[in-house]
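Structural description and commentary
So the chains spell out like this:
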Amino acid sequence: MTRPRIARRMDRVPASGIRRFFDIAAQMPDVISLGVGEPDFVTPAPIRAAGIRSLEEGRTGYTSNSGLLELRTALSDHLYARYGVRYDPETELLITVGVSEALQIAALATLNPGDEVIIPEPCFVAYPAAVIFADAEPVFVPTTIEHSFQVDPERIAAAITPRTRALLLGYPNNPTGAVMPRERLTTIAELAERYDVLVLSDEIYDRLVYGVQHTCFAALPGARERTILLGGFSKAYAMTGWRLGWMAAPADIVAAARKVHQYAIMSAPTVAQYAGIEALRNGEPFIADMVAEYDRRRRVIVAGLNAIGLPTFEPQGAFYVFPQVAHLGMSSEVFAERLLREQQVAVIPGDTFGPSGAGFVRACYAASMEKIEAALDRIERFVRAWT
């Protein structure tokens, strides 16, 4: 008998529903994509110039496995200035190939087979996959629109078992745009301490908040020593293609994660790291301009979807809206496929991000105002045809 060539864990990890719709849209003419979460801004010129300069000066070799010390020092200073939490650049920071790598190596470094990881959902599609690749078990805790998709600490407490090893949080949230208030996060930090649970906090959208303050989980009282803080440059600095992220954590966790990183990756791209230094040192004015524009688009798309008859709560972070579509009598999947084929607008079915997303779709407003307004016109035509 021939043995299967593919590991059993792969059967538990579906292909990305986001990429499926992206690939369909790529084959169609005149598509307005509100699907993939990528800024429509070009990386700011000084950041690009720093990367180009590193090439012109011949800095094309490997860096330390941990990343350029200059970058780690700038990052340490940045986190302290913004959130009052300090990490040792030598031992507690690791530069990665995007936040996706940081998440995966954090899981591989801290989870044992059979461990449980509590994940509020809807959530980014990589969260359960990272847990499964580490041979651990994702345990989902639902959130609801009635509570602005903020996770209830009591539901987290109810999900904790003797096998619970970690909690994986993603706020500001992809796909809903939800932001967690400090009080709730403080309660969750107290739960993590009481039950000796690690917290993996993905804060890639920390700079993209509107009318509220972002709370860094690691900066909460008593949280730093059990938190693996994940972040990156893709969203705030419009650097998706540079593939630059980071992990901040206690030294023993970073040392373990670095083992995975050094064998799988070696080091993050050198040119991207030099660009990252410039971003941290001089990127603030560009972030402010981009956030102001995202906020303008956010208000337009939320008002437009509600006017069309797709109930949409007001997101306070990231660059996504999560309108309801169930009342139209079709599933999220059917809505997204028909909208794409009939009106050439790409959105993502909500249940791609977990069971609580059923009856919703995710639309990304990191697109030009012209495209957003055109998409709203097309969506309105589509909805009117089905109501």
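My aim in this report is to walk through the structure given alongside it, one point at a time.

Reading guide: rules and limits
Residues numbered from 1 in each chain as written. Predicted model: local features only at pLDDT ≥ 70, side-chain atom pairs only at ≥ 80, totals over all residues. Heavy atoms only, no water. Helix = DSSP H or I, 4+ residues; strand = E, 2+ residues; numbered from the N terminus. Expected span 1.5 Å × (residues − 1). Buried < 20%, exposed > 50% of the residue type's maximum accessible area, 1.4 Å probe, protein only. Contact = heavy atoms within 4.5 Å. Phe/Tyr/Trp six-rings, centres within 6.5 Å; stacked < 30°, edge-to-face > 60°. Pairing = 2+ DSSP bridges. Axes fitted to C-alpha atoms, helices over the stretch in contact; angles between N-to-C directions. Salt bridge = Lys/Arg side-chain N within 4 Å of Asp/Glu carboxyl O. 1 Å grid on protein atoms, 1.4 Å probe; cavity = no way out; pocket = protein on both sides within 12 Å on 5 of 7 lines; lining within 4 Å. Points joined across faces, edges and corners; volume = space filled by probe spheres on them. Nonpolar A, V, L, I, M, F, W, Y, C, P; charged D, E, K, R; others polar. Patch = residues over 30% accessible without salt bridge, like charges linked within 9 Å, V, L, I, M, F, W, Y side chains within 5 Å. Areas by Shrake-Rupley, 256 points an atom, 1.4 Å probe, with all protein chains shown as cover.

**Some thoughts on helix H12 (residues 369–385)**
- Look at H12: 24 Å from first C-alpha to last across 17 residues, which is about the 24 Å you get at 1.5 Å a residue.
- Within H12 the residues assigned to the buried category are Met369, Ile372, Ala375, Leu376, Arg378, Ile379, Phe382 and Val383.
- Looking at the packing, one finds that the buried side of H12 touches strand E1 (32–33), helix H10 (284–308), helix H11 (332–343) and strand E10 (345–346).

**Some remarks on the packing of aromatic side chains**
- This structure, assessed with the given rule, holds 13 aromatic pairs.
- Relative to Phe360, the ring of Phe149 lies with its centre 5.6 Å away and its plane at 80 degrees, an arrangement referred to as edge-to-face. Note that Phe149 is positioned in the loop between strand E4 (137–142) and helix H6 (153–159) and Phe360 in the loop between strand E11 (348–349) and strand E12 (361–364), a separation of 211 residues in sequence. As far as the burial class goes, Phe149 and Phe360 line up, both buried.
- The interplanar angle of 90 degrees and the centroid separation of 5.2 Å between the aromatic rings of Phe335 and Phe382 together place this pair among those described as edge-to-face. With Phe335 in helix H11 and Phe382 in helix H12, this residue pair connects regions lying 47 residues apart in the sequence.
- Accessibility expressed as a relative area gives 1% for Phe335, which makes it buried.
- A relative accessible area of 1% places Phe382 in the buried class.

**Points about the sheet that holds E4**
- Spatial ordering of the open sheet is given by E2-E8-E7-E6-E5-E3-E4, a layout of seven strands whose pairing is mixed. The strands lining the two open edges of the sheet, one partner per strand, are strand E2 (93–96) and E4. Direction aside, neighbouring strands of the sheet carry axes that sit 20 degrees apart on average.
- The pairing of strand E3 (residues 116–121) with strand E5 (residues 164–170) spans three bridges and is classified as parallel. In the sheet register, Glu116 faces E5, and the bridge partner there is Thr164.

**Describing the pattern of salt bridges**
- Summed over all chains, the structure comprises 18 salt bridges.
- Here Glu380 makes a salt bridge to Arg384, at a shortest N to O gap of 3.3 Å. Residue Glu380 and its partner Arg384 are both found in helix H12; the two are separated by four residues, about one turn of the helix.
- Given the relative accessible area of 32%, Glu380 is considered partly exposed.
- In this structure Arg384 comes out as partly exposed when scored by relative accessible area, which is 40%.
- Each of Asp40, Glu293, Arg296 and Arg297 takes part in a single network of salt bridges with overlapping partners.

**Quick word on the layout of surface pockets**
- Taken as a whole, the largest pocket holds about 780 Å³ of empty space.
- Residue lining of the largest pocket: 33 residues in total, with Ser100, Phe124, Ala126, Lys235 and Arg243 positioned closest to the centre.
- Of all the secondary structure elements, the ones that give two or more residues to the lining of the largest pocket are helix H1 (17–26), helix H4 (98–110) and helix H5 (126–133).
- Looking at the lining of the largest pocket residue by residue, the class counts come to 17 nonpolar, ten polar and six charged.

**Considering a nonpolar patch on the surface**
- A grouping of Ile6, Met10 and Phe133 is seen on the molecular surface, where their side chains present a nonpolar patch of about 270 Å² in accessible area.
- Tracing the backbone through its elements, the reader meets Met10 in the segment before H1.
- The class for Met10 is partly exposed, based on a relative accessible area of 36%.

**Concerning the side chain of His214**
- Inspection of the secondary structure assignment puts His214 in the loop between strand E6 (198–202) and strand E7 (227–232).
- Residues within four places of His214 in sequence aside, it is in contact with Tyr83, Tyr171, Pro172, Glu203, Asp206 and Val209.

**Concerning the environment of Ala375**
- Its location among the elements puts Ala375 in helix H12.
- Judged by its relative accessible area of 1%, Ala375 falls in the buried class.
- Residues Ala375 and Arg182, 193 residues apart in the sequence, show an inter-C-alpha distance of 35 Å.
- With sequence-adjacent residues up to four places away left out, Ala375 is seen in contact with Ile32, Leu34 and Val345.

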